[in-house]
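# Architecture and fold: a report
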Amino acid sequence: MDDLWVVVPAYQEQDAIGTTLASLFAHVSNVVVVDDGSSDATGERAAAAGAVVLRHCVNLGQGAALQTGISFALGSGARYVCTFDADGQHDPATIAEMRRALEAGDAQVALGSRFMGRSIGMPPIRRAFLRFAVVVTRLMTRLPVSDTHNGLRLFTSAAAKRIRIRQLGMAHASEILAEIAAHKLAFVEVPTTVRYTEYSKRKGQSLFNSVKIMLDLMYHAWSG
Amino acid sequence: MMIETVLLGAIVALVLYVGSHRLGGAATAAVLCVGAAGITLVISPSLATRVAATLGVGRGADLLLYFGFIAALFVSAHFYFRLKRQEMQIATLVRALAVAGPIYPGD
């Protein structure tokens, strides 16, 4: 899969990035890690694991890191661009399934869905928040999606060029869906397995951040 | 009399301080208007009460409170949106620096 680039946004992930990249490189050959201003050894460990590393000199947020990585991947000639979380909660084998889904049909975007697939160890409060986010996003975008905050996605280069992530923080997940709706990009959902470990739960979103995401989205809707 | 002197001195000092910075025409006009209104109200406090009565507000102090609250909201919104714009500008700059200097395996 030389024409596929995986974008991994990472902030303070020195404990997980090596393992995540090792599992990724068993399935893909091009990985770019965007070190989003980490003060730990995330960037060094990602480079040691064989990834191309882009470094934000200040912490901007996951949305900004994704856009940086996607821009780099497109500039490197990617035909497919995948987004993948740094904490290792995704199964890299799913990337090939997503690619097959895009090659087999007319879809330009493949979205991972833990609710069509499996989620292992998901805390009930997170499940409730994600279900609520699905309802809100469906209302806002009119897209019949089953999982709105899954970090595993695959875009054709044409789709990746059209999607512009302006939300610097975590609200980018809903923004990407809004962009898919605005540009009328055909998409397909692919069942994924998401494993919640103690590490990934610690790194996940707090309820306070969830409220902040809603405020960011309201600002985005207001400012256009 | 004492408080009037203090307030007038503060308003004049504020206008001079703001005026010493090179502001645009609209900002200068706004500062001059606010300063003039402040001086007028200090010299003639009953004016606020008369205007309040005309507008259907009980007291002049209440009217000033309402205007102050609205002004604070406008200023907050103005700086919030400016902050958001600057965040985007910083992100663009940081992104350009990051993409210009990739670290390849083995570097």
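Before reading further, recall that the structure is shown in the block above.
Since this is a predicted model, take the numbers as computed values, not measurements.

A tally of regular secondary structure across chain A gives 9 helices and 7 strands. By the burial criterion, 49% of the 224 residues in chain A qualify as buried. Partitioning the contacts of chain A with sequence separation of at least 6, the portion at a separation of at least 24 is 78%.

What follows deals with the sheet that holds strand 2 (residues 30-36) of chain A. Judged by pairing direction, the sheet is mixed, and its 7 strands sit side by side in the order 3-2-1-4-6-5-7 (chain A) without closing on themselves. Where the open sheet ends on each side, the last strands, each with one partner, are strand 3 (52-56) and strand 7 (187-195) of chain A. The sheet shows a mean angle of 20° between the axes of neighbouring strands, direction not considered. Bridge count between strand 1 (residues 4-10) of chain A and strand 4 (residues 80-83) of chain A: 4 bridges; the pairing is parallel. Bridge assignment links A:Val7 to a residue of strand 4 of chain A, and that residue is A:Thr83. Along the sheet, helix 4 (residues 60-100) of chain B makes contact with strand 2 and strand 3 of chain A, crossing strand 3 of chain A at roughly 150°.

Right, let's talk about the packing of helix 5 (residues 124-141) of chain A against helix 7 (residues 172-182) of chain A for a bit. Residues and elements named next belong to chain A. Interhelical geometry of helix 5 versus helix 7 gives an angle of 30° and a closest axis separation of 10 Å. Between helix 5 and helix 7, the interaxial angle falls into the category roughly parallel. You can see that helix 5 and helix 7 cross each other, and the crossing is right-handed. Contacts from Thr 137, Met 140 and Thr 141 of helix 5 reach helix 7 at Ser 174, Leu 177, Ala 178 and Ala 181. Tallied by class, the residues present in the contact of helix 5 with helix 7 amount to 4 nonpolar, 3 polar and no charged.

This part covers helix 3 (residues 62-75) of chain A. All names here are of chain A. Here helix 3 contains 14 residues, and its C-alpha end-to-end distance of 20 Å stays within 8% of the 20 Å for a straight helix at 1.5 Å per residue. Along helix 3, the residues classified as buried are Gln 62, Gly 63, Ala 64, Ala 65, Leu 66, Gln 67, Thr 68, Gly 69, Ile 70, Ser 71, Phe 72 and Ala 73. Gly 77, located one to two residues past helix 3, shows a positive phi value of around 90°.

Glancing now at the interface of chain B and chain A. The partner chain A presents 19 residues to the 13 residues of chain B that form the contact. Taken together, the residues of the side of chain B that touches chain A sort by class into 10 nonpolar, no polar and 3 charged.

Relative orientation and spacing of two packed helices are given, respectively, by the angle between their axes and the distance between those axes. Residues and elements named next belong to chain B. Put simply, helix 1 (residues 2-19) and helix 2 (residues 25-43) touch, their axes get as near as 10 Å, and they point 175° apart. Accordingly, the angle class assigned to the pair helix 1 and helix 2 is roughly antiparallel. In contact with Glu 4, Leu 7, Leu 8, Ile 11, Val 15, Val 18 and Gly 19 of helix 1, helix 2 contributes Thr 28, Val 31, Leu 32, Gly 35, Gly 38, Ile 39 and Val 42. Counted by class, the contact of helix 1 with helix 2 contains 9 nonpolar, 4 polar and 1 charged residues.

Now for the nonpolar core. Counting 59 residues, the largest nonpolar core has A:Val7, A:Val32, A:Val33, A:Ala51, A:Val81 and A:Cys82 as its most contacted members. If sequence neighbours within four positions are ignored, A:Val32 has contacts with A:Trp5, A:Val7, A:Ala51, A:Val52, A:Leu54, A:Gly69, A:Phe72 and A:Ala73.

Thresholds, definitions, all that
Numbers given to residues run from 1 along each chain, matching the order in which its sequence is written. Note on labels: chains are lettered from A, ligands numbered from 1, in written order. Reporting in this predicted model follows two pLDDT cut-offs: at least 70 for local features of residues, and 80 or more for side-chain atom pairs to be given and counted; totals over whole chains, interfaces and linings ignore these cut-offs and use all residues. In DSSP terms, a helix is any run of H or I states spanning at least four residues, a strand is any run of E spanning at least two, and both are numbered starting from the N terminus. Labels follow a simple rule on C-beta atoms placed from the backbone: if 20 or more others lie within 10 Å of a residue's own, it is buried; if 12 or fewer, it is exposed; otherwise it is partly exposed. A pair of residues counts as a contact when their C-beta atoms, built from backbone coordinates, are separated by no more than 7 Å. Here, any two strands with at least 2 DSSP bridges between them count as paired. A fitted line through C-alpha atoms serves as each axis, taken over the contacting stretch for helices, and the angle formed by two N-to-C directions is quoted from 0 to 180°. The labels follow the angle: roughly parallel below 35 degrees, roughly antiparallel above 145, roughly perpendicular from 65 to 115, and oblique for the rest. For any pair of crossing helices, the crossing counts as left-handed if the nearer helix is rotated counterclockwise from the farther one by less than a right angle, and right-handed if it is rotated clockwise. Throughout this entry, Asp, Glu, Lys and Arg are counted as charged residues, while Ala, Val, Leu, Ile, Met, Phe, Trp, Tyr, Cys and Pro are counted as nonpolar. The remaining residues, Gly among them, count as polar. For a helix, the expected span equals 1.5 Å multiplied by the number of residues minus one. For this analysis, nonpolar core means a set of buried Ala, Val, Leu, Ile, Met, Phe, Trp, Tyr and Cys residues linked through C-beta atoms within 7 Å.

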